[in-house]
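Below, each chain spelled out in residue letters.
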Amino acid sequence: MSATATPSAVRRASAARVVDAVKVYGAGDTEVRALDGISVDFPAGRFTAVMGPSGSGKSTLMHCAAGLDTLTSGSASIGGTELSALDDRSLTLLRRERVGFVFQAFNLLPTLTVAENITLPLDLAGVPGDRDWISALVDTVGLYDRLHHRPSELSGGQQQRVAVARAFAGRPDIVFADEPTGNLDSRSGEEVLQLLGDAAHRTDRTVVMVTHDPVAAAHADEVIFLADGRLVDHLQDPTAERVLERLKAFDTGGGRTT
Ligand code: ADP
């Protein structure tokens, strides 16, 4: 598998990147610099967690990197494609074909079955999808016996596993996960995090996860820390203890983690 066969010394290609990214909300007295000249590279095939105090710009970074929002200045690219160069239609197509999303609230459609939810993005795009890939995904998330159930018949953890399968169904280059374990008990959360890590490594896809939870962040290959819209630190092969230590340093600086 290329994810493990690649020597760590070899620099990985970038799945997504922002360079000198600035995002300003409002103007005058109410101006907020949510991103203040940040540059971040999300290497292909890696699972990166984004952490930082409340209001440090985590969501803004994710939304701008994923092409859900635009930067005030600087650049954002996915797989080498500069997002600001795309018109709305091309951007929608790029998101549909190359980006997957997992949200805190699962966001499954209640009237569809598990199987239909998983293939929904492909069905909306009018593409058949890769049956072997989807079958392997269903296997990975352990939902074969639930394929014809509705989301309401599943536990929260199972629903989030469906959402993970849906995010990877179209073989995206990169999956963005926004507090994916925020609504789960710790055991279900562990399962979903394990799954995100497995999916990233087994399929050589890139996962970027915003989280406030050091235990969740410890599942990532790397954690980056934001403060006041800037990148202030990063940690390779994190443990929950080491993540917590770094966060405490922010707390003593007056920050608050959410
Ligand atoms: P985090 O995800 O780390 O909590 P956010 O990216 O949500 O941080 O927010 C960064 C800053 O930008 C905060 O000060 C927040 O209040 C502000 N902000 C975020 N979204 C908007 C918006 N739509 N309008 C105005 N200010 C916003």
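Please read all numbers here as calculations on a predicted model, not as lab measurements. (Residues numbered from 1 in each chain as written. Predicted model: local features only at pLDDT ≥ 70, side-chain atom pairs only at ≥ 80, totals over all residues. Heavy atoms only, no water.)

1. Observations regarding the site of the ligand
Stage number 1. The environment of the ligand is made up of Y25, V32, A34, P53, S54, G55, S56, G57, K58, S59 and T60.
Stage number 2. Within the backbone of G55, a nitrogen or oxygen atom sits 2.8 Å from an oxygen atom of the ligand.
Stage number 3. Contact distances for the ligand include 2.8 Å between an oxygen atom and a side-chain N or O atom of S59.
Stage number 4. For the ligand, the accessible surface in isolation is 560 Å², of which the surrounding protein chains cover 59%.
Stage number 5. Secondary-structure elements contributing two or more residues to the shell around the ligand are β2 (32–43) and α2 (58–65).
Stage number 6. A per-class count over the shell around the ligand returns 4 nonpolar, 6 polar and 1 charged. (Near = heavy atom within 4 Å. Polar contact = N/O pair within 3.5 Å; in protein donor to acceptor, adjacent residues only side chain to side chain. Areas by Shrake-Rupley, 256 points an atom, 1.4 Å probe, with all protein chains shown as cover. Helix = DSSP H or I, 4+ residues; strand = E, 2+ residues; numbered from the N terminus. Nonpolar A, V, L, I, M, F, W, Y, C, P; charged D, E, K, R; others polar.)

2. Brief notes about helix α7 (residues 186–203)
Stage number 1. When the terminal C-alpha atoms of α7 are compared, their 25 Å separation across 18 residues agrees well with the 26 Å that a helix rising 1.5 Å per residue should span.
Stage number 2. The complete set of buried residues in α7 reads S188, G189, V192, L193, L195, L196, G197, A199 and A200.
Stage number 3. Its buried side turned inward, α7 meets β3 (47–51), α5 (131–141), α6 (156–169), β7 (174–178), β8 (206–210) and α8 (214–217).
Stage number 4. Between the side-chain oxygen at the start of α7 and the backbone nitrogen of R187 there is a gap of 3.1 Å, and the oxygen is on D185.
Stage number 5. Just past α7, the residue D204 takes up positive phi, approximately 55°. (Expected span 1.5 Å × (residues − 1). Buried < 20%, exposed > 50% of the residue type's maximum accessible area, 1.4 Å probe, protein only. Contact = heavy atoms within 4.5 Å.)

3. Some points on the sheet that holds strand β5 (residues 81–82)
Stage number 1. The sheet built from 4 strands is open, its strands ordered β2-β1-β4-β5 with antiparallel pairing. The open sheet has two free edges, formed respectively by β2 and β5, since each of these has just one partner strand.
Stage number 2. Summarising the sheet, strand β1 (residues 14–25) and strand β4 (residues 73–78) pair through 5 bridges and their orientation is antiparallel. Within β4, the residue paired with V22 across the bridge is S73. (Pairing = 2+ DSSP bridges.)

4. Some points on the pairing of β3
Stage number 1. In terms of burial, β3 is largely enclosed, as 5 of its 5 residues are buried.
Stage number 2. Residue alternation in β3 divides its side chains into two sets, F47, A49 and M51 and T48 and V50, and both sets are buried.
Stage number 3. Here β3 pairs with β8 via 4 bridges, running parallel. If you follow A49 over to β8, its bridge partner there is M209.
Stage number 4. Sheet analysis places β3 next to strand β9 (residues 222–227), joined by 4 bridges and oriented parallel. Counted as the bridge partner of T48 is E222 from β9.

5. Some remarks on the packing of aromatic side chains
Stage number 1. Summed over all chains, the structure comprises 2 aromatic pairs.
Stage number 2. Aromatic side chains F101 and F103 sit 5.9 Å apart centroid to centroid with 10° between the ring planes, which places their arrangement in the stacked category.
Stage number 3. Relative accessible area serves as the criterion here: at 29%, F103 is assigned to the partly exposed category. (Phe/Tyr/Trp six-rings, centres within 6.5 Å; stacked < 30°, edge-to-face > 60°.)

6. A look at the nonpolar core
Stage number 1. The biggest cluster of nonpolar side chains holds 45 residues, and the ones touching the most others in it are I118, F168, L196, M209, V223, F225 and V243.
Stage number 2. It is α6 that provides the largest number of residues to this core, a total of 7 residues.
Stage number 3. With residues near it in sequence (within four places) discarded, F168 still touches W133, L137, V175, L196, A199, A200, T203, R205 and V207.
Stage number 4. Core analysis: the next-biggest nonpolar cluster, separate from the first, contains 28 residues, V40, F42, L71 and L94 among them. (Core = buried A, V, L, I, M, F, W, Y, C linked by side-chain atoms within 4.5 Å.)

7. Comments concerning the environment of V99
Stage number 1. With respect to the helices and strands, V99 occurs in strand β6 (residues 99–103).
Stage number 2. Spatially, the C-alpha atom of V99 lies 9.2 Å from that of G67, the residues being 32 residues apart in sequence.
Stage number 3. Other than its neighbours up to four places away in sequence, V99 contacts I78, L94, P172, I174 and F176.

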